[in-house]
Amino acid sequence: MSGLTPGVVSEFWQYMLHRYGGSVIDKRNASEMQLVGALLGKLGVVDKDSFLRHYATTIGHRIYIPFEIGLATADWSLWGQIMVCTHECQHIVQYDDLGPIKFAWQYVAKTAGRARLEAEAYRCQMELQFWRTGQLVSAHELASSLKSYGVTDADVQVAETILRMSGESVKRGAVINPTSRAAIDWLNVHVPELRAKAG
C-alpha cells in the first residue's frame with residue numbers, strides 16, 4: 001500500500017468510529033445542524049453557510065461532517081479528514097469523561113471551557129502533524145482558529161498557552177491525547193511510510 005488513499009481514509013474512520021462508539025451524519029443535510037447554524041448566525045458566532053460547509057461538529061457520539069469520507073476536496077484533503085476524525089473522536093472522549101451535563105455546560109455556557117476543550121482537541125492536529133512531518137503546527141495558528149468559536153481574546157491566549165506547552169512535550173515524543181495515540185498506532189501499521197523519517 002502506498003500512501004494515503006480514499007480506501008485507507010475510509011478504513012481509518014471505520015476503526016476510529018468503532019473504537020470510540022461514534023457515528024457519522026452528513027452535516028449538510030441534517031435538519032438539527034440547519035437550526036444550529038441559523039442560531040449561531042443570529043448570535044454572530046459564525047455564519048450559517050460557513051458552519052455547515054467548513055466545520056465538523058460532534059454532539060455526544062454523533063459526528064456531523066460536511067464531506068464524503070475518502071473524497072478529497074479543496075476544503076477537506078485526505079490527510080485533513082484523518083486529522084478531523086481524530087479531533088472529533090477526542091470530543092467523544094471528553095463527553096464520556098465529563099458526562100453529558102458537565103460537557104454541555106463547559107462547552108456551551110462558558111467560553112473559557114469551550115476554548116479549553118477545543119485546545120485539547122486541536123492538540124490532535126499537533127500530534128498527528130508532528131508524526132507525519134516532524135514539524136509542529138504553530139500553537140498561535142491553532143489557537144487563532146478558535147476566534148470563530150465565539151470565544152474571547154483572553155480565551156484564545158489561554159488556548160495558545162496550552163498548545164504551546166503541549167508542543168514542548170510533543171517535540172520530545174509525547175502523544176498526550178488518547179485518540180491521537182490510537183490514530184498513530186493505526187497509521188503506523190497501515191501507512192507507516194507516511195511517518196516522518198527520524199533525524
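A brief structural summary. Note that the coordinates shown come from a computational prediction; the quantities given were computed from them, not determined experimentally.

1. A closer look at the pairing of strand β3 (residues 62–65)
Point 1. Direction of pairing for strand β1 (residues 23–26) relative to β3: parallel, over a ladder of four bridges. By the bridge assignment for β3, I25 is matched with Y64.
Point 2. Examined bridge by bridge, strand β2 (residues 57–59) and β3 share three bridges and lie antiparallel to one another. Residue pairing for β3: T57 is matched across the bridge by Y64.
Point 3. Taken together, β2 and the strand that follows it, β3, pair antiparallel across an intervening segment of two residues, in which G60 is found at a positive phi of about 65°.

2. Here's the deal with the sheet that holds β2
Point 1. In spatial order, the strands read β1-β3-β2; together these three strands make up an open sheet with mixed pairing. Each having just a single partner strand, β1 and β2 make up the two edges of the open sheet. With direction set aside, neighbouring strand axes in the sheet form an average angle of 25°.

3. Re the side chain of N177
Point 1. Checked against the element boundaries, N177 lands in the loop between α8 (153–171) and α9 (178–190).
Point 2. Polar side-chain contacts of N177 include one of 2.7 Å to the backbone oxygen of E120.
Point 3. Sequence-distant contacts of N177, defined by excluding residues within four places in its chain, comprise Q90, E120, A121, R123, C124 and E127.

4. Considerations on the packing of helix α6 (residues 111–133) against α8
Point 1. Interaxial distance between α6 and α8 falls to 9 Å at its minimum, and their mutual angle equals 30°. In terms of axis orientation, α6 runs roughly parallel to α8. For the crossing formed where α6 meets α8, the hand is right-handed. Here T111, A112, A115, R116, A119, Y122, R123, M126, E127 and F130 of α6 come into contact with α8, specifically with D155, A159, I162, L163, S166, G167, V170 and K171.

5. Looking at the packing of helix α1 (residues 6–20) against α9
Point 1. Between α1 and α9, the shortest axis-to-axis distance is 11 Å and the interhelical angle comes to 140°. Considering their axes alone, α1 and α9 lie oblique with respect to each other. Here α1 and α9 pass one another in a crossing that is right-handed. Facing V8, E11, F12, Y15, M16, R19 and Y20 of α1, the residues of α9 in contact are P178, T179, A182, A183, W186 and L187.
Point 2. Grouping the amino acids of the contact of α1 with α9 by side-chain chemistry returns 10 nonpolar, one polar and two charged.

6. What about the pattern of salt bridges?
Point 1. As enumerated under the stated definition, the model contains four salt bridges in all.
Point 2. A salt bridge links R28 to D26; the nearest nitrogen and oxygen atoms lie 3.0 Å apart.
Point 3. Residue D26 is classed as partly exposed on the basis of its relative accessible area, which comes to 29%.
Point 4. A salt bridge links D49 to R53, with the nearest nitrogen and oxygen atoms 3.8 Å apart.

7. What about the environment of I82?
Point 1. Within the fold, I82 resides in helix α4 (residues 78–98).
Point 2. For the pair formed by I82 and L187, sequence separation is 105 residues and the distance between their alpha carbons is 9.8 Å.
Point 3. When neighbours within four sequence positions are excluded, I82 is seen to be in contact with L4, V9, F12, L128 and L187.

8. Structural notes on the side chain of Q81
Point 1. Along the chain, the position of Q81 falls in helix α4.
Point 2. For Q81, the residues in contact, after removing those within four places along its chain, are V9, W13, F67, E68, I69, G70, L71, A72 and W76.

9. Thoughts on the nonpolar core
Point 1. Among the nonpolar cores identified, the biggest contains 31 residues, and F12, W13 and L187 are the most heavily contacted of them.
Point 2. Put simply, the parts of the chain that give this core at least two residues each are α1, β3, α4, α6 and α9.
Point 3. No other element matches α4, which puts nine residues into this core.
Point 4. Setting aside residues up to four positions removed in sequence, L187 forms contacts with F12, W79, I82, L128, W131 and P192.
Point 5. Of all hydrophobic cores here, the second largest spans 26 residues; its members include L40, Y107, L146 and L163.

Cut-offs applied
Residues numbered from 1 in each chain as written. Predicted model: local features only at pLDDT ≥ 70, side-chain atom pairs only at ≥ 80, totals over all residues. Heavy atoms only, no water. Pairing = 2+ DSSP bridges. Helix = DSSP H or I, 4+ residues; strand = E, 2+ residues; numbered from the N terminus. Axes fitted to C-alpha atoms, helices over the stretch in contact; angles between N-to-C directions. Polar contact = N/O pair within 3.5 Å; in protein donor to acceptor, adjacent residues only side chain to side chain. Contact = heavy atoms within 4.5 Å. Parallel < 35°, antiparallel > 145°, perpendicular 65-115°, else oblique. Left-handed = near helix turned anticlockwise from the far one by under 90°. Nonpolar A, V, L, I, M, F, W, Y, C, P; charged D, E, K, R; others polar. Salt bridge = Lys/Arg side-chain N within 4 Å of Asp/Glu carboxyl O. Buried < 20%, exposed > 50% of the residue type's maximum accessible area, 1.4 Å probe, protein only. Core = buried A, V, L, I, M, F, W, Y, C linked by side-chain atoms within 4.5 Å.

Everything listed here is a matter of geometry and, on its own, says nothing about what the molecule does.
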